[in-house]
Amino acid sequence: MNRIAAIAVHTFKESVREKVLYNLVVFAILMIAAGLILGGVSVGINDIALVNLGLSAISVFGLVIAVFIGISLVWKEIERRTVYNILSKPVARAEFVLGKFLGLVLTLVVNTAIMTAGFYLVLWYEKGTLGAPDLAPLEAVYFILLQLTLIVAVALLFSTISSPVLSAVFTLSLYVIGNLLDDLRSLGAQSGSAALRGLSRALSLVLPDFGAFGDIAPAAHGQLIPGHRILTHSLYAALYATVLVSSTILIFERRELR
Amino acid sequence: MRPVPARRAVALALVAALAGSIILRLGLDREASVQAPGTAIYVTSGETLRRLSLGYEGLLADLYWTRAVQYFGRQKLAGGGDFQDLGRILRITTELDPHLLIAYRFGAIFLAERPPDGAGRPDEALELIRRGIAANPSYWRLWQDLGFIYYWDLKDYAQAARSFEAGSREPGADLWMKTLAASVAAQGGELETSRALWSEVYSQAGNASIRRSAAGHLAAIKAAEDIERLNRLLGDFARREGRPAASIEDLVRAGTLPARPIDPSGAAYEVGPDGKAALGSGSRIDLRLAR
Amino acid sequence: MRALETTELTKEYRLGFWPKRRKLALDRLTLAVEQGEVFGLLGPNGAGKTTLLKLLLGLIFPTTGAARILGRPLGDVRVHARIGYLPENPSFYDHLTASEFLNYAGWLCGLDAAARRRRGRDLLEQVGLAESAAVALRRFSKGMVQRLGIAQALVNDPDVVFLDEPMSGLDPLGRREVRDLILDLRRQGKTVFFSTHILPDAETLCDRVAILNHGRLLGLGTVQEILGGSLESIELILHDPAPGVLQALAAFTTASVRTGDRVRLELAPDADVETVLAAALHAGARIISLNPVKASLEDYFLARIKDAVATAAGKGAGGGEAGRA
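The rules we used
Residues numbered from 1 in each chain as written. Chains lettered and ligands numbered in written order. Predicted model: local features only at pLDDT ≥ 70, side-chain atom pairs only at ≥ 80, totals over all residues. Contact = placed C-beta atoms within 7 Å. Helix = DSSP H or I, 4+ residues; strand = E, 2+ residues; numbered from the N terminus. Nonpolar A, V, L, I, M, F, W, Y, C, P; charged D, E, K, R; others polar. Axes fitted to C-alpha atoms, helices over the stretch in contact; angles between N-to-C directions. Parallel < 35°, antiparallel > 145°, perpendicular 65-115°, else oblique. Left-handed = near helix turned anticlockwise from the far one by under 90°. Buried ≥ 20, exposed ≤ 12 C-beta atoms within 10 Å, placed from the backbone. Pairing = 2+ DSSP bridges.

Another aspect to go through is the interface of chain A and chain C. Taken together, the 21 residues of chain A in the interface contact 22 residues of chain C. Elements with a minimum of two residues in the side of chain A that touches chain C: α1 (2-16) and α4 (83-87) of chain A. The greatest single-element share of the side of chain A that touches chain C, amounting to five residues, is contributed by α1 of chain A.

Written out as structure tokens, the structure reads:
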């Protein structure tokens, strides 16, 4: 436990020094502020557009940050051989993976919190006051964070197998597919063959369902997520993250560090 | 360090190229705007777009809505157009975000409005509103909009009354929905009823466009009511005096009217060649908007 | 319990995609190191020294064979609590300072905060980096990196220390310090297992050595055993000898070199020292020094490597590296 905490804290501190992260967060906040302009150019959607643009910015930049840190921080460790320093100590490979994952999640939470704070600042500037319906975006941010946790786990998994560029491509591809699982299923259902139907159904159940965490549009209309849905989705994210991290551990335990 | 003349040559080439590219851009922009005041809509299915948007359909809907507003504004600036793409843009917008209520409400009004102020497609407007009601059953104002289209654009007073009635049953509906249903059923087509309807639209209008349109209709209705009243007075005058009035001044001199009445645009009413009251020559009212 | 023992430890790499192309990095290596020994692993670049160390540390996995460290089999990470490791060409985290890094290393070894602070301070002192404690690692020179590497290898006060090329990157003063450090570790009863291709270091420090080439063990034992205790020659240095002196000793001399007013004579190894001395003194020579020259590890090494290369070339099994000291 102590060792996992050490690795997690170290990973977090290392990511904090990444200049790229600062740039991305700044850009995200700029984009959020641009929501003010979108509302002004259009008619009657000031608050809606602000929330839509703000949450979309947090989602997109969060995605970029997640992929970036998920891949670079682990790849760097292996490529630069600094991982030797860790594995020569009484640290199991599983502890290394877990520590890295938790450190990355901590980084995501902090970055997302900063962007969300910027978002609420802009929202407050636009609306003058904030009330109960303005909690809806916060729930959407929570769902975004669940998504990002899974993304970073996927990136971590791929980066223990392949090069950074390929890992990024695979991770983003999985994100796109994970948003289109309904289409995958219906594609299979429409095809004639039972085998394809079965395959597409199986895939749509096994692949990560990123689309389930989409909540930006309802949040823009002030719709809160029902409590049971928050619970089920949190559980799904926890379970799937376990799947991903366990896979990473299994792979990493067999990986030769030349 | 490169020698100075060579550096100057490079700087000059840079400025010349930049100027050339700007001139070229201007030319290309002019060409583009001549080609089509419309917009190119590459993806005709909102549903497809929604699937491709990976969770960002809300933002995309807002962008399409903004496009709709700008499209409409551009057409109006160009002196009215056929707004032929308006229906499609609104459909895509509402397929992306079925809860974007302003798209339904705005769409209803300007799709149904007769040219040059709108697209003159009440059937498309009906379809849009129906989809809005299906996606937002508790938003009773959409029933109001539906009733309005039946009343105003299709002159189907029975359907209009039914829509107002259905809307009045939703929780939270304003009380006047019920009275409106009743008066439409009884007096569909009467100016008074129309004025009530357009007053509601005006007071609820969330933006300047809709308010302007409603004001125009209200002004026309007021003018139409004034003309009806003036015609009654002219008739009375003719019966009393035994001859038709030559102008409105006759009524004023006879003491029927305190002063020469003006229409909402500030122009005085006149007596037309057929002996009936009419708008003054300087009037900016369009009486067609009264019906 | 032995500090380290390997049994037929073998590592075979598959090169590229084809199963046929394989490289045998370590070939059935069997050796044992007792606790408290300073053990040297010698061999040219590519001999398999680093491969062996990485196998022992669990960074790579053996193809066949086994090994035990302090009685625990490979793969038991808990034994890492009692060992330390300095990798070849160590690299650290640029964004940390020296003391932050040692703090992290100590944390991973389970030391509490106070112990980490104390240990960090002491170790930095010990390796001569006390003044650079707050300097970011990205600004460290190669020599400083090497010293820090040794420090982090000792952070948990290990019983067995594995050092891969500990002298690399150090100036002569630094190398002297590392030598003293290794001797100090031995004095504390620790086992030191280090690899090097700098033979004089091994000669002076090691109780026993193993010589590796192409993944195979060529020799194992004390330096004495390997060299066989034989003399290579006897060195006699005279001050400005008269020609008569040189003539008197001509029978014993195999080579002679004159440098200024000194002449260094190389005498046959089986020459009787007393006879030589008597002859020299009788001829009126002024003797500066008389030294037996033992066969050095270097010579042994070059000879064995040459043999191995010749054998390998004869077998036609791929070109090897010529022995490089």
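Taken together, the contact pairs 22 residues of chain A with 17 residues of chain B. Among the secondary structure elements, those contributing two or more residues to the side of chain A that touches chain B are α2 (19-41), α3 (46-79), α7 (164-179) and α10 (216-220) of chain A. If you tally residues by element for the side of chain A that touches chain B, the top one is α3 of chain A, at six residues. Classifying every residue of the side of chain A that touches chain B by side-chain character gives 12 nonpolar, nine polar and one charged.

For the rest of this paragraph, the subject is the packing of helix α2 (residues 98-108) of chain C against helix α3 (residues 113-126) of chain C. Residue and element names in this part refer to chain C. The N-to-C vectors of α2 and α3 enclose an angle of 125 degrees; their axes lie 9 Å apart at closest approach. It follows that α2 is oblique to α3 by the angle criterion. Taken as a pair, α2 and α3 cross one another with a handedness that is right-handed. Across the interface between the two elements, Ala-98, Ser-99, Leu-102, Asn-103, Gly-106 and Trp-107 of α2 pack against Ala-115, Arg-116, Arg-119, Gly-120, Leu-123 and Leu-124 of α3. When its residues are assigned to classes, the contact of α2 with α3 shows six nonpolar, four polar and two charged.

Since the α-helix packs 3.6 residues into each turn, any two residues three or four apart lie on the same face. For α2 of chain C, a buried count of 10 out of 11 residues is recorded, marking the element as mostly surrounded by other parts of the structure. Burial in α2 of chain C covers these residues: Ala-98, Ser-99, Phe-101, Leu-102, Asn-103, Tyr-104, Ala-105, Gly-106, Trp-107 and Leu-108 of chain C. Where α2 of chain C is buried, its residues contact α1 and α4 of chain A together with α3 and α4 (142-153) of chain C. Trailing α2 of chain C by a residue or two, Gly-110 of chain C shows a phi angle of about 90 degrees, which is positive.

Attention now moves to the sheet that holds strand β6 (residues 83-86) of chain C. All names here are of chain C. With respect to topology, six strands assemble into an open sheet ordered β6-β7-β8-β3-β9-β10, the strand pairing being mixed. Every interior strand has two partners, whereas the edge strands, β6 and β10 (216-222), have only one. Between one strand and the next, the sheet's axes are offset by a mean angle of 15 degrees, whatever the strand orientation. Bridging between β6 and strand β7 (residues 160-164) involves four bridges; their strand directions are parallel. Bridge assignment links Gly-84 to a residue of β7, and that residue is Val-161. Strands β6 and β7 of the sheet are contacted by α4, whose axis makes an angle of about 165 degrees with β6. Against the sheet, helix α5 (residues 172-187) makes contact with β3 (38-42), β7 and β8 (191-196), and its axis sits at roughly 150 degrees relative to β8, the strand it touches most.

Another point: unusual backbone geometry. Here Leu-54 of chain B, not a glycine, exhibits a phi torsion of approximately 50 degrees, which is positive. Note that Leu-54 of chain B resides in the loop between α2 (46-52) and α3 (57-77). You will see that Arg-28 of chain C, though not glycine, has its phi angle at about 45 degrees, which is positive. In this structure Arg-28 of chain C comes out as partly exposed when scored by C-beta crowding, with 15 C-beta atoms within 10 Å.

Attention shifts here to the environment of Ala-136 of chain A. Residue and element names in this part refer to chain A. The residue Ala-136 is located in helix α6 (residues 136-159) in this model. According to the C-beta neighbour criterion, Ala-136 is buried, with 20 such atoms within 10 Å. Sequence separation of Ala-136 and His-221 is 85 residues, and the distance between their C-alpha atoms is 8.4 Å. Other than its neighbours up to four places away in sequence, Ala-136 contacts Ala-219, Gly-222, Gln-223 and Leu-224.

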